[in-house]
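Coordinate inspection notes
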Amino acid sequence: MAGLNPVLRRHGWRWAVLGVAGLYFAVPLAASVVFTLDVPGQGLTFDAYTRILSTAGFTGSLLLSLELAAATIAIVLLLMVPAMVALRLGAPRLRPVVEIVCSLPLVVPPIAFVAGIGTVLKWGPEHLARTPLFQTFVALQNPDFPFVLVLAYVVMALPFVYRALDAGLRAVDVPTLVEAARSCGAGWPQALLHAVLPNLRGALLSASFLTLALVLGEFTVAQLLGFRPFAVWIVNVSGSQAQLSVAVSVLSLLVTWLLLLALAGAGGRTRTASRG
């Protein structure tokens, strides 16, 4: 019995920490839900949620953010997956250098980052007005699909994508997989697609989810560059329709949780299939 006391105390501390963490997240969320449902003089009502789809700008801003997220995920994975695999196979000594470079967006404040982007965008039209590159600067700032935001989000997502892919590659014997694929006659692209990527499904899903969460919640860069994706739309609506903006925030949080649960389920099925 005496030997069980430390175990019981350890489990008790775990539950206590989980309980405090749960309250830390649950109390503000519950307060937000009550704020959206309780209307003075009317009681409980779901008007804040039923008005979301009919509010001007909701559908367009959400679709724009999803398009930006899809483009950002595609570009950052196309850049990082081959680079990380090549780093693992041919230049492991460069890993600290790549890690430092990919971690730089965590050091540079977003306000300084967007100030640099704005300076470049202002410099381009003034000095390249008579060159073909002028149209490139115009296309980058197309309000229907501001590709400049995609480039900014790719840089901002590098630390998270690097960590997710690095954890996945550490759990896989990449040289053996590539050598086995090459010995069967596969080329380098085929070895990457058919031997390495299936074993990185969990890491790819983690990187994609983190990038999606980053793009959906990013406000500073989009606001200062003058664009209006989903996060900027929520802040703009909050000035005149506070309950509506909080309702949208609650729904976006629930959608994020559902995506996280789907990611965890997909990762669990992948591990089960690999063990089988």
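What comes next is a walk through the structure. This one's a predicted model, so the numbers in the text were calculated from it and none came from an experiment.

Digging into the packing of aromatic side chains
Enumeration according to the criterion identifies 5 aromatic pairs in this entry. Where Phe-58 meets Phe-230, the ring centres are 6.0 Å apart and the plane angle is 70 degrees; that geometry is what we call edge-to-face. Remark: Phe-230 occurs in helix H12 (residues 230-238) and Phe-58 occurs in helix H3 (residues 58-90); sequence separation between them is 172 residues. Pair check on accessibility: Phe-58 and Phe-230 agree, each one buried. A network of ring pairs unites the aromatic residues Phe-58, Phe-230 and Trp-233 as a single cluster.

Considerations on the packing of helix H7 (residues 147-170) against helix H10 (residues 201-217)
Two numbers describe how H7 lies on H10: the axes approach to 8 Å, and their chain directions differ by 155 degrees. Classified by the interaxial angle, the pair formed by H7 and H10 is roughly antiparallel. Every pair of crossing elements has a handedness; the one defined by H7 and H10 is right-handed. Where H7 approaches H10, its residues Tyr-153, Met-156, Ala-157, Phe-160, Val-161, Ala-164, Leu-165 and Gly-168 are matched on the opposing element by Ala-203, Leu-204, Ser-206, Ala-207, Leu-210, Thr-211, Leu-214 and Val-215. Grouping the amino acids of the contact of H7 with H10 by side-chain chemistry returns 13 nonpolar, 3 polar and no charged.

Cut-off values and rules
- Residues numbered from 1 in each chain as written.
- Predicted model: local features only at pLDDT ≥ 70, side-chain atom pairs only at ≥ 80, totals over all residues.
- Heavy atoms only, no water.
- Phe/Tyr/Trp six-rings, centres within 6.5 Å; stacked < 30°, edge-to-face > 60°.
- Helix = DSSP H or I, 4+ residues; strand = E, 2+ residues; numbered from the N terminus.
- Buried < 20%, exposed > 50% of the residue type's maximum accessible area, 1.4 Å probe, protein only.
- Axes fitted to C-alpha atoms, helices over the stretch in contact; angles between N-to-C directions.
- Parallel < 35°, antiparallel > 145°, perpendicular 65-115°, else oblique.
- Left-handed = near helix turned anticlockwise from the far one by under 90°.
- Contact = heavy atoms within 4.5 Å.
- Nonpolar A, V, L, I, M, F, W, Y, C, P; charged D, E, K, R; others polar.

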